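# Examination of the molecular architecture
Listed below, chain by chain, are the residues.
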Amino acid sequence: MSKRNRKRNILLTILAAIVGICTVSILLNKTYRTTFESLPETDRRMLTELSELYNHFEQSSDQLWNKDYRFDSKPLLLVRTTKDSGLFRSEGFAVNVPMKKGIFAQEISLPESMGLPKVYRISRFSPTTLSAWFPANFGTLNLKGMETMYFKYYPKMFSDPALYFDFSSFLLHEGFHIFKQKDWTYDANGAEHIENYPINEENYALMGIEFKLLDQAMAESNPELVQQYLHDWTVVRNYRYYKWPQLIGETKTEAIEGSARYLEYRYSKLTGRNLMVLATKQEPYHVTFMQAYDFIANGQAESPSFLERSIRYETGAALELTMDKANLPWKEAIEDVPGKKPGMTPYEILSNYYKMNDLTTIESQLGEIKEVYDYDALRKQGAKIVKQLNIE
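In short, a report on the structure. (Residues numbered from 1 in each chain as written. Predicted model: local features only at pLDDT ≥ 70, side-chain atom pairs only at ≥ 80, totals over all residues. Heavy atoms only, no water.)

### Quick notes on the sheet that holds strand E1 (residues 76–81)
Spatial ordering of the open sheet is given by E3-E4-E2-E1-E6-E5, a layout of 6 strands whose pairing is mixed. The open sheet has two edge strands with one neighbour each: strand E3 (105–107) and strand E5 (138–143). Geometrically, the sheet is characterised by an average inter-axis angle of 30° between neighbouring strands, direction not taken into account. Bridge count between E3 and strand E4 (residues 119–122): 3 bridges; the pairing is antiparallel. Bridged to Gln 106 within E4 is Arg 121. Helix H2 (residues 41–60) rests against E1, strand E2 (89–95), E4 and strand E6 (146–153) of the sheet, and its axis sits at about 150° to E1. Against the sheet, helix H4 (residues 167–180) touches E1, E5 and E6, its axis set at about 155° to E6. (Pairing = 2+ DSSP bridges. Helix = DSSP H or I, 4+ residues; strand = E, 2+ residues; numbered from the N terminus. Axes fitted to C-alpha atoms, helices over the stretch in contact; angles between N-to-C directions. Contact = heavy atoms within 4.5 Å.)

### Description of the nonpolar core
The biggest cluster of nonpolar side chains holds 101 residues, and the ones touching the most others in it are Phe 71, Leu 78, Phe 167 and Leu 171. Among the elements that take part in this core, helix H5 (residues 201–219) stands out by supplying 9 residues, more than any other. When near neighbours in sequence (up to four residues on either side) are disregarded, Leu 171 contacts Leu 50, Leu 53, Phe 71, Leu 76, Leu 78, Met 149 and Phe 151. Judged by nonpolar contacts, the second largest core, of 12 residues, contains Val 79, Ala 94, Tyr 120 and Ala 132. (Core = buried A, V, L, I, M, F, W, Y, C linked by side-chain atoms within 4.5 Å. Buried < 20%, exposed > 50% of the residue type's maximum accessible area, 1.4 Å probe, protein only.)

### Describing the packing of helix H6 (residues 223–243) against helix H7 (residues 249–270)
Packing of H6 against H7 leaves a shortest axis separation of 11 Å and a crossing angle of 135°. The angle between the axes of H6 and H7 places the two elements in the oblique class. On the side of H6, the interface is formed by Arg 237, Arg 240 and Tyr 241, while H7 contributes Glu 250, Thr 251 and Glu 254. Among the residues forming the contact of H6 with H7, the class breakdown is 1 nonpolar, 1 polar and 4 charged. (Parallel < 35°, antiparallel > 145°, perpendicular 65-115°, else oblique. Nonpolar A, V, L, I, M, F, W, Y, C, P; charged D, E, K, R; others polar.)

### Considerations on the pattern of salt bridges
Under the counting rule described, the total for this entry stands at 24 salt bridges. Glu 147 is the partner of Lys 182 in a salt bridge, and the nearest nitrogen-oxygen pair spans 3.2 Å. Highlighted residues: Lys 182 in the loop between H4 and H5 and Glu 147 in strand E6, separated in sequence by 35 residues. On the basis of relative accessible area, Lys 182 is assigned to the exposed category, the value being 54%. In the salt-bridge network here, residues are joined through shared partners; they are Glu 210, Arg 237, Arg 240, Glu 250, Glu 254 and Arg 312. (Salt bridge = Lys/Arg side-chain N within 4 Å of Asp/Glu carboxyl O.)

### What about the pairing of E5?
Across the two faces of E5 the burial differs, with Gly 139, Leu 141 and Leu 143 buried and Phe 138, Thr 140 and Asn 142 not buried at all. A loop of 2 residues connects E5 with E6, the two strands running antiparallel in sequence, and Lys 144 in this loop sits at a positive phi of about 50°.

Shown next as structure tokens:
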């Protein structure tokens, strides 16, 4: 046999093996484990949590975002992998997609009590879902003419998930970005990025006052007192932006990421779970903003760079949760509506509500706030943060 024929035969053998694997996989998808009870445990747990999530949106969507945001009606492809950002994937489950039985799709028989719409298992070799092989946890693809979110789940999400990466929380967060925030522009063109971040003790001391006020607002149940804490917070935040205008990028992250995290916290509360602002895995299942601030200043926790962006997921969610408690309307205001109105960040909503536009008044009020919240002690902590960043 010539060398050329040998190469051809090898290629044909490889091709035949690939065709055989694909054919067997497609046939098994159609005939094997087609009922909920027969599915692997990870798939059953995923569908059970999805059922719970959908039931809460059907019954209580106004307690999550509002009555108009119905995540339970959005088109999804849920794909099982072995790990975070897994490249090797199994079949996917299509939900809220007008599928029909076909070569690549098989309806899964589910108990009526789960209350789920029809669920179709889609072969891993379906040409329409090939992009879900990429090493990413989520994204979008086109199924039956619908922009569909694909989302990867894996066993650790259900057995021992990292904070914020359990199945329901992670799916809600990224789904909110894809479906609800599709037209929001807060993060467009690098708007979140902050040039020449002010690494100085005054900035960090003022940030510490903001954290103290947020902690008090989060712990308070009296709407009038919550409003006062938010008012004082807005005074401090306004002054920081007069002093360092580039910090406005903080508010963009608070709007885009804080709102997605807000939804996680609302769902956690609705379902009696422990995920809350600045979550931890041990009781009391969270730390306060000032505890986090002091841990960072004392070199006991995250790098001080955590305060530049990552903390804004939490401050954004906290502002929205406390505006709920203070009975301040904000959800309609925060939404960008293309061609009709730009959205407002939580900071802008509060600044507009309290009509803060006079620097002299702000400086006067800030002086009183500094005395109440021990500004001198916070400057010392701020100096520690600056020292750490200069070493880094």
